Amino acid sequence: VRCNPGQIKSDGGSQEKFDNAMRGIRKLGIQVWPSPDVMEFMGAKDALCKVAHLNIGLPDTLAYYSTEDFAAGFKKTMAFQPRVLKQNRGSSGEGIWIIKLKADNYCQSFGDRSCIDDEVLSLMEANDNHAEEHTVAELIEFCVHGRNDKSGTWTSKGVGKYLEGGRAAGGQLVDQRFC
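This one's a predicted model, so the numbers in the text were calculated from it and none came from an experiment.

1. Section: the overall build of the protein
- Within the protein, the secondary structure is distributed over six helices and six strands.
- Mapped from its N terminus to its C terminus, the protein presents α and β elements in the order α-α-α-α-β-α-β-β-β-β-α-β.
- By the burial criterion, 40% of the 179 residues in the protein qualify as buried.
- Contacts in the protein between residues far apart in sequence, at least 24 positions, make up 51% of those at least 6 positions apart.
- Of the roughly 10,100 Å² that the protein leaves accessible, carbon and sulfur atoms contribute 53%.

2. Let's talk about the pairing of strand β5 (residues 131-135)
- As judged from the five bridges shared by strand β4 (residues 120-125) and β5, these two strands associate in the antiparallel manner. Bridge pairing links L123 to E132 in β5.
- Taking the residues between adjacent antiparallel strands as the criterion, β4 and β5 are bridged by five residues, where N129 takes a positive phi near 60 degrees.

3. Some remarks on unusual backbone geometry
- Phi at D104 is positive, roughly 55 degrees, even though this residue is not glycine.
- Following the sequence through the fold, D104 ends up in the loop between β3 (96-101) and β4.
- Located in the positive-phi region is K161, a residue other than glycine, with phi close to 60 degrees.
- Note on placement: K161 falls in the loop between α6 (136-145) and β6 (173-177).
- Of the residues examined, K161 reaches a relative accessible area of 32% and is grouped as partly exposed.

About the criteria used
- Residues numbered from 1 in each chain as written.
- Predicted model: local features only at pLDDT ≥ 70, side-chain atom pairs only at ≥ 80, totals over all residues.
- Heavy atoms only, no water.
- Helix = DSSP H or I, 4+ residues; strand = E, 2+ residues; numbered from the N terminus.
- Buried < 20%, exposed > 50% of the residue type's maximum accessible area, 1.4 Å probe, protein only.
- Contact = heavy atoms within 4.5 Å.
- Areas by Shrake-Rupley, 256 points an atom, 1.4 Å probe, with all protein chains shown as cover.
- Pairing = 2+ DSSP bridges.

All quantities given are derived from atomic positions and should not be read as evidence of function.
Given below as structure tokens:
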């Protein structure tokens, strides 16, 4: 059984009631994957970051909770491989970006270089597959502060501000390799 939390709420349902119903099914001996308790413990978006340094993980999978960490980390990962950048809130695809360097000038090894602010990115948002082009600096500005003069013009339905409220309020970005 799998249902996106954002869809439960948007259809007038309750995530808490759904989770409790799934726990009840598990008590009957019927497997539910993933269980609400595992999802809560692992974290829906940053679970891959928790295994990044294991044999099954990728060391360039990072979670960001601050502007400074995001700016430095993303510039380093983006220079290495195409990325998937995911906001923590929702599960309908809004704020989930597939990102590539327009110049396709990736470095050979993770950490060999970092992108500069004016490098151009090709982006596609998962909710509707629309494409946009922005500089590294514009993407960082949009993700942190939303739409403004520094972020350029965005056609996304979303407003950005993915780190808003900090970690305690769910402000987070997960940055993983796009394979």
